[in-house]
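Each chain, written out:
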Amino acid sequence: MHIALAFNLKADRTAVSSADDPPSAVDDLYAEWDDIHTIEAVRDALASAHRVSLVEADLDAFDNLRRLKPDLVFNMAEGLLGASREAQMPAMLDMLGLAYTGSDPVTLGICLDKRRTKEILSCHGIATPRFTTVTAVDQVPARLRYPQMVKPILEGSSKGVPDASLVRDRKALLRQVRQVLEVYRQPALIEEFLPGREFTVAVLGNGADLRVLPAVEINFEALPAGVNPIYSYEAKWIWDREDDPLRIFTCPARLEPALQQAIEDLCRRAFRVLGCRDWCRIDVRLDQHGRPHIIELNPLPGILPRPEQNSCFPKAARAAGLSYTDLILAVVDAAVKRLNLTGNHHESSCLFQSRAVTAG
C-alpha cells in the first residue's frame, strides 16, 4: 500500500532561553511539531511494510497530495495557527477524498478545545473536573475553592501550563488568568485541581477492537524540590532532558484491579463519546476520593521514538509488548480495518521516498 506521511517539521527554534523564566507563546509556538528523528522513525516503521512518501503539511501539501494520490495518509500534522489547526490536514484530506489515519476534523477541533471537550464529557456524565472559562479578568468568579488550575483552552503539549498554573489564592489566580489572556490571546480555563494520582492512558483501535494499553503514571516526587505536583511545561520540556531524563513515569502503573478497570472504562467511554478513531492518549487524574476523572484527550498523540525521550504512547506500547514499528503499523491496521480498504496492504518491497526532509 502507498502511504503518505503528513507531518510538521520542528526546526531549532523552540528552546526556552532559561529554566528560570516562564515560557512565552514565542518559546513554545512549535512545541507540538515533530523533529527530524521522529519523522524518520515513523517513515522507517511505515516503510517496513508499505511504500511511503513524505508530505510536509505546508501550503504545498494540497497539490502534493493531489498529485501523489496515496492509498492512505498517516496523519501526524499538528498545524500552527488558529483553533482549527489540528483539523486543517484531515479537512483537506476529506476534500481530496483521501483516506487517513486518526480522527476526523470535528473531533480534532473539539479535543483541542478544552472547554468544548469538558462540556461534552459533562453532558454524557463522564467525570471531569469542574471548570469555568473567562475571556477577561473581571469575569473570574469571586468564590472558588482553591487550589485551581489555569490553562489556555486551545493548546496542547503543556503549552501555556507552567508550574505557576496551579494557583492557591485569588491573587495568583488573577495573575495567571491575565498571563493566559495576554500571551496566548484566547480564553482561560479555570479548573478544579484534583489532588490524587495522575495517569496518561494510550488507546488503540476502534469498536470492539478498542484496546487500552498499560497506563503510565506520573511520579511527581521525581520533579525538582518545591515545584507543584503537575506535569507542567517545565516538567515536559525543560527539567526532563534526553541526556538526563527524569524518572517521572511508571509503566505499567501499579493499580489495583478495580481502579484499573475504572480507568479503562472511563477512557473507552471518553474515546467513543468524542468520536475518536484509531488512537488517542487520554490524561486521567484521581480526586480526593480516588475516583478517576478525564483531564483531556489528545487524538494526535506524541510519538517520540527513543525510550530516553519519555514519550508516553510509545512507552505504553512497549509495556504492551509492541515495538515502535509495531505501534505505527497497528495505527495503520486500525485505519485500514475501519475504512475497509482493500488491496495489498503489506508490500514486501519496503519502498519509501528517500529524499531528505528539510526545514524549508
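Since this is a predicted model, take the numbers as computed values, not measurements.

(A) Focus on the overall build of the protein. Secondary structure summary: the protein contains ten helices and 13 strands in total. Looking at the 360 residues of the protein, the share that counts as buried comes to 56%. For the protein, the accessible surface area stands at approximately 15900 Å², while carbon and sulfur atoms represent 50% of it.

(B) Molecular detail of helix α8 (residues 257–273). The first and last C-alpha atoms of α8 sit 24 Å apart over 17 residues, in line with the 24 Å expected at 1.5 Å per residue. In this structure, the buried residues of α8 make contact with α5 (114–123), β8 (198–204), β9 (211–212), β12 (279–286) and β13 (292–298). Gly-275, located one to two residues past α8, shows a positive phi value of around 75°.

(C) Expanded view of the environment of Glu-86. Checked against the element boundaries, Glu-86 lands in the loop between β3 (72–75) and α3 (88–96). In this structure, the C-alpha to C-alpha distance between Glu-86 and Cys-111, residues 25 residues apart in sequence, is 9.5 Å. Among residues more than four places away in sequence, those in contact with Glu-86 are Glu-32, Ala-77, Glu-78, Leu-108, Leu-112 and Leu-300.

(D) Region of the structure containing the sheet that holds strand β4 (residues 131–134). Pairing is antiparallel in the open sheet, where four strands are placed in the order β4-β7-β5-β6. Edge strands, defined here as strands with exactly one partner in the open sheet, are β4 and β6 (166–167). Relative to strand β7 (residues 188–192), β4 runs antiparallel, the two being bridged by four bridges. Bridge pairing links Phe-131 to Glu-191 in β7. Together, β4, β5 (148–152) and β7 form the strand contacts of α5, whose direction differs from that of β4 by roughly 145°. Helix α6 (residues 170–183) rests against β4, β5, β6 and β7 of the sheet, and its axis sits at about 10° to β5.

(E) Looking closely at the sheet that holds β3. With parallel pairing, the three strands of this open sheet are ordered in space as β2-β1-β3. The open sheet has two edge strands with one neighbour each: β2 (51–56) and β3. On average, each strand axis in the sheet is tilted by 25° relative to the strand beside it, whichever way the strands run. Packed onto the sheet, helix α1 (residues 36–47) meets β1 (2–7), β2 and β3 and runs at close to 170° relative to β1.

(F) Quick peek at the side chain of Ser-311. Looking at where Ser-311 falls in the secondary structure, it is placed in the loop between β13 and α9 (312–319). Contacts of Ser-311, omitting those with residues within four sequence positions, involve Gly-302, Ile-303 and Leu-304.

(G) Inspection of the side chain of Asp-278 at higher detail. With respect to the helices, strands and loops of the structure, Asp-278 is situated in the loop between α8 and β12. Within polar-contact distance, the side chain of Asp-278 engages the side chain of Asn-206 at 2.8 Å. Asp-278 has contacts with Tyr-100, Thr-101, Gly-102, Val-203, Leu-204, Gly-205, Asn-206, Phe-271, Val-331, Ala-334, Ala-335 and Arg-338, leaving out every residue within four places of it along the chain.

(H) How the structure looks around unusual backbone geometry. Note that the residue after Tyr-146, namely Pro-147, is joined by a cis bond; omega there is 5°. Its location among the elements puts Pro-147 in the loop between β4 and β5. Cis geometry is adopted by the peptide bond preceding Pro-252, which originates at Cys-251 and carries an omega value of 0°. Position of Pro-252 relative to the elements: it lies in the loop between β11 (249–250) and α8. With a phi close to 50°, Lys-69 is a non-glycine residue in the positive phi region.

(I) Molecular detail of the nonpolar core. Counting residues in hydrophobic clusters, the biggest one holds 46 residues, and the most contacted among them are Leu-5, Val-42, Leu-46, Phe-74 and Ile-303. Three or more residues apiece are contributed to this core by two domains, here domain 1 (2–102) and domain 3 (197–339). In this structure Leu-46 touches Ile-3, Leu-5, Val-52, Phe-74, Ile-328, Leu-329 and Val-332, once residues within four positions along its chain are discounted. Counting residues in hydrophobic clusters, the runner-up holds 25 residues, among them Val-203, Leu-259, Ile-263 and Phe-271.

(J) Representation of the packing of aromatic side chains. With the rule as written, the count across this model stands at three aromatic pairs. Here a set of aromatic residues connected by ring pairs shows up, and it is made of Phe-74, Trp-279 and Phe-313.

(K) Local environment of the state of the cysteines. In the structure shown here, the tally under the stated rule is zero disulfides. Unpaired in this structure, Cys-276 has its nearest cysteine sulfur neighbour in Cys-280, at a distance of 4.0 Å. Exposure remark for Cys-276: the relative accessible area of 7% places this residue in the buried category. Take Cys-280: its relative accessible area is 0%, and that puts it in the buried class.

(L) Representation of the confidence of the model for the protein in the model. Averaged over the protein, the pLDDT score is 89; the fraction of residues at 70 or greater is 89%. Long-range and interchain partners of residues 13–19, a stretch whose pLDDT sits below 50, account for 13 contacts in this model, where long-range means more than four residues apart. Overall, residues 343–360 carries pLDDT values under 50, and its contacts beyond four positions in sequence, including any with other chains, amount to 41 contacts.

Conventions used here
Residues numbered from 1 in each chain as written. Predicted model: local features only at pLDDT ≥ 70, side-chain atom pairs only at ≥ 80, totals over all residues. Heavy atoms only, no water. Helix = DSSP H or I, 4+ residues; strand = E, 2+ residues; numbered from the N terminus. Buried < 20%, exposed > 50% of the residue type's maximum accessible area, 1.4 Å probe, protein only. Areas by Shrake-Rupley, 256 points an atom, 1.4 Å probe, with all protein chains shown as cover. Expected span 1.5 Å × (residues − 1). Contact = heavy atoms within 4.5 Å. Pairing = 2+ DSSP bridges. Axes fitted to C-alpha atoms, helices over the stretch in contact; angles between N-to-C directions. Polar contact = N/O pair within 3.5 Å; in protein donor to acceptor, adjacent residues only side chain to side chain. Core = buried A, V, L, I, M, F, W, Y, C linked by side-chain atoms within 4.5 Å. Domains from an automatic or database assignment. Phe/Tyr/Trp six-rings, centres within 6.5 Å; stacked < 30°, edge-to-face > 60°. Disulfide = S-S within 2.5 Å. pLDDT = per-residue confidence, 0-100.

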